[in-house]
Amino acid sequence: MTSYGKREKMPHRILGIETSCDETSVAILDVGSRVKILHHDIASQIDVHALYGGVVPEVAARLHVAETVSLIDRALSSKAGQTIDAVAVTQGPGLATALRVGIEAGRAIAFAKELSIIGVNHLEGHLASAWLVPENRRRWVFPILTLLVSGGHSELVLMKDFCSYRVLGRSRDDAAGEAFDKTAKLIGLGYPGGPAISKHAQSGNPIAFDFPRPMMHDRSFDFSFSGLKTAVRREWESMSSAKQKKKKTVDDFSASVQQAIIDVLVHKTIRAIQEYQPKAVTIVGGVSANSELYAQMKQAIGNENGRTFLMAPARGLHTDNAAMIAAAGAWRLQKGERHDWRKIDAKPEWDL
Ligand code: KG4
Ligand code: ZN
């Protein structure tokens, strides 16, 4: 990582590239006098991975190869694409071969067009996703407590400033998104599980099944969802197949698993608010698209302390996308950071 010389102009029109998992996405973000997404494409691979019941890394990488060039071509051919002055690409965490597809594309553009390039932590991208909402930016006062809940991560993060974080706790095993995905697979709802479980949960009874709330009362801010996964499997397998096939069973089961996950996430977030007194709270990552989680979090924060503002990404930007990668890239570039295009490589295990 190098820094800008004093005379160098700060980039403000950033091409974002995201290929860490099962979405290929390219965006152009302007962070000049205002913050505006000028161009954004997301090509989801979900339909293909659904055939296998989950993400297959080799298939993901091949699909990224097929999509990345055409999405970049579309972005660079657009009006906004004529004036980009930096590239931000997801460097990790994620699937190694998938990450490399985006990185190779990004470094080729940086080399050919002589642009700055910045490698972005995908988790920092999720943190930045809420900042893309104008109303949130007006309330963006540090410290901000973030609950980051995605398919691969569950973390409580205290943001002390842009690019300055303290991870208060993280999942010791499965992430919250995995708990949704594995439950959905078990009960035959396919991949990805979160949207399907939340849909069935709408007509289910959340107290029909009594599932554990792992580590909810533990003093740490860590999470653990593998015990819940075991309890869910045991309960499901104890039922007759006639009962499993009933819509009411699937609805009640979905609502009860969802409520167990929400209870843990809300309880730990409230405890972190009490301890760290943040100025605002954000929930980000794919699981934050869950409207019941958002509603219950809002209610709990209101009961605890009506002053704390709850922020979330805009619709469609909860799950993986390149606009959030460009936004986190902008934070880094504005701090004067950038990479050397010759040296940038994937960091599949990169933590915040
Ligand atoms: O952030 P994301 O797109 O990918 C990772 O970085 O992992 O999150 C994907 C996860 C999946 O586990 C998916 O089931 C979950 O987000 N998800 C949801 C909902 N929509 C997506 N979980 C619960 N409720 C939803 N509505
Ligand atoms: Zn993600």
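Residues numbered from 1 in each chain as written. Chains lettered and ligands numbered in written order. Predicted model: local features only at pLDDT ≥ 70, side-chain atom pairs only at ≥ 80, totals over all residues. Heavy atoms only, no water.

**Some words on the overall build of the protein**
Phase 1: A count of helical and extended segments in the protein gives 12 helices and 12 strands.
Phase 2: The C-alpha radius of gyration computed for the protein amounts to 21 Å, which stays within 12% of the reference 20 Å derived for 352 residues, consistent with globular compactness.
Phase 3: Every one of the 352 residues in the protein was classed for burial, and the buried ones make up 56%.
Phase 4: Intrachain contacts of the protein at a sequence separation of at least 6 include 74% that bridge at least 24 residues. (Helix = DSSP H or I, 4+ residues; strand = E, 2+ residues; numbered from the N terminus. Rg over C-alpha atoms; globule rule 2.2 N^0.38 Å. Buried < 20%, exposed > 50% of the residue type's maximum accessible area, 1.4 Å probe, protein only. Contact = heavy atoms within 4.5 Å.)

**Some points on helix 4 (residues 122-129)**
Phase 1: With eight of eight residues buried, helix 4 lies mostly within the body of the structure.
Phase 2: The backbone nitrogen of L123 lies 2.7 Å from a side-chain oxygen of the residue at the head of helix 4, namely N121. (Polar contact = N/O pair within 3.5 Å; in protein donor to acceptor, adjacent residues only side chain to side chain.)

**What about the pattern of salt bridges?**
Phase 1: Applying the stated rule across the entire model yields 18 salt bridges.
Phase 2: For D174, the salt bridge goes to K182, with nearest N and O atoms at 3.4 Å.
Phase 3: We classify D174 as buried; its relative accessible area is 8%.
Phase 4: Take K182: its relative accessible area is 33%, and that puts it in the partly exposed class. (Salt bridge = Lys/Arg side-chain N within 4 Å of Asp/Glu carboxyl O.)

**Quick notes on the site of ligand 1**
Phase 1: With respect to spatial proximity, 20 residues lie near ligand 1, and among them G151, D181, G194, G286 and N290 are the closest.
Phase 2: A distance of 3.1 Å separates an oxygen atom of ligand 1 from a polar side-chain atom of H126.
Phase 3: At 2.9 Å from an oxygen atom of ligand 1 is found a main-chain nitrogen or oxygen belonging to G194.
Phase 4: At the level of secondary structure, the elements contributing two or more residues to the shell around ligand 1 comprise helix 4, helix 6 (176-186) and helix 7 (193-201).
Phase 5: Broken down by element, the residue count for the shell around ligand 1 peaks at four residues, all from helix 7.
Phase 6: When its residues are assigned to classes, the shell around ligand 1 shows five nonpolar, 13 polar and two charged.
Phase 7: In terms of domain composition, the shell around ligand 1 takes at least three residues from each of domain 1 (7-131 + 317-334) and domain 2 (142-310). (Near = heavy atom within 4 Å. Nonpolar A, V, L, I, M, F, W, Y, C, P; charged D, E, K, R; others polar. Domains from an automatic or database assignment.)

**Side note on the domain arrangement of the protein**
Phase 1: Partitioning the protein into domains gives domain 1 (7-131 + 317-334) and domain 2 (142-310).
Phase 2: Each of domain 1 and domain 2 has a C-alpha centre, and these two points are 27 Å apart.
Phase 3: Contact between domain 1 and domain 2 buries roughly 1,500 Å² in total, counting both sides, with carbon and sulfur atoms accounting for 74%.
Phase 4: Linking domain 1 with domain 2 are zero salt bridges, by the criterion used here.
Phase 5: Across the contact surface, domain 1 and domain 2 share five residue pairs in polar contact (both at pLDDT 80 or more).
Phase 6: Of all the secondary-structure elements, those providing two or more residues to the side of domain 1 that touches domain 2 are helix 1 (46-50), helix 4 and helix 12 (322-334).
Phase 7: When residues in the side of domain 1 that touches domain 2 are grouped by element, the largest group, five residues, is from helix 4.
Phase 8: For the side of domain 1 that touches domain 2, the per-class residue count stands at nine nonpolar, seven polar and three charged. (Buried area = accessible area lost by both parts, 1.4 Å probe.)

**With respect to the coordination of the zinc ion (ligand 2)**
Phase 1: For the zinc ion (ligand 2), every protein donor is listed as H122 (NE2), H126 (NE2) and D320 (OD), and the spread of their distances is 2.0 to 2.1 Å.
Phase 2: In this structure, the zinc ion (ligand 2) is coordinated by four donor atoms arranged in tetrahedral fashion, with angles at the metal of 95 to 132°. (Donors = N, O, S within 2.8 Å, 3.2 Å for Na, K, Ca; no water. Tetrahedral: all angles 85-135°; square planar, octahedral: opposite > 155°, others 65-115°.)

**Here's the deal with the sheet that holds strand 5 (residues 86-92)**
Phase 1: Taken together, five strands build an open sheet; the order of strands is 4-3-2-5-6 and the sheet is mixed. Edge positions in the sheet fall to strand 4 (35-44) and strand 6 (116-121), since each has one partner strand and no second. On average, each strand axis in the sheet is tilted by 20° relative to the strand beside it, whichever way the strands run.
Phase 2: Relative to strand 4, strand 3 (residues 23-31) runs antiparallel, the two sharing nine bridges. (Pairing = 2+ DSSP bridges. Axes fitted to C-alpha atoms, helices over the stretch in contact; angles between N-to-C directions.)

**What to know about the packing of helix 10 (residues 247-276) against helix 11 (residues 291-304)**
Phase 1: Interaxial distance between helix 10 and helix 11 falls to 10 Å at its minimum, and their mutual angle equals 35°. In the crossing of helix 10 with helix 11, the sense of the turn from one axis to the other is right-handed. Contacts between helix 10 and helix 11 involve Q258, Q259, I262, D263, L265, V266, T269, I270, I273 and Q274 on the former and, on the latter, E292, L293, Q296, M297, A300, I301 and E304. (Left-handed = near helix turned anticlockwise from the far one by under 90°.)

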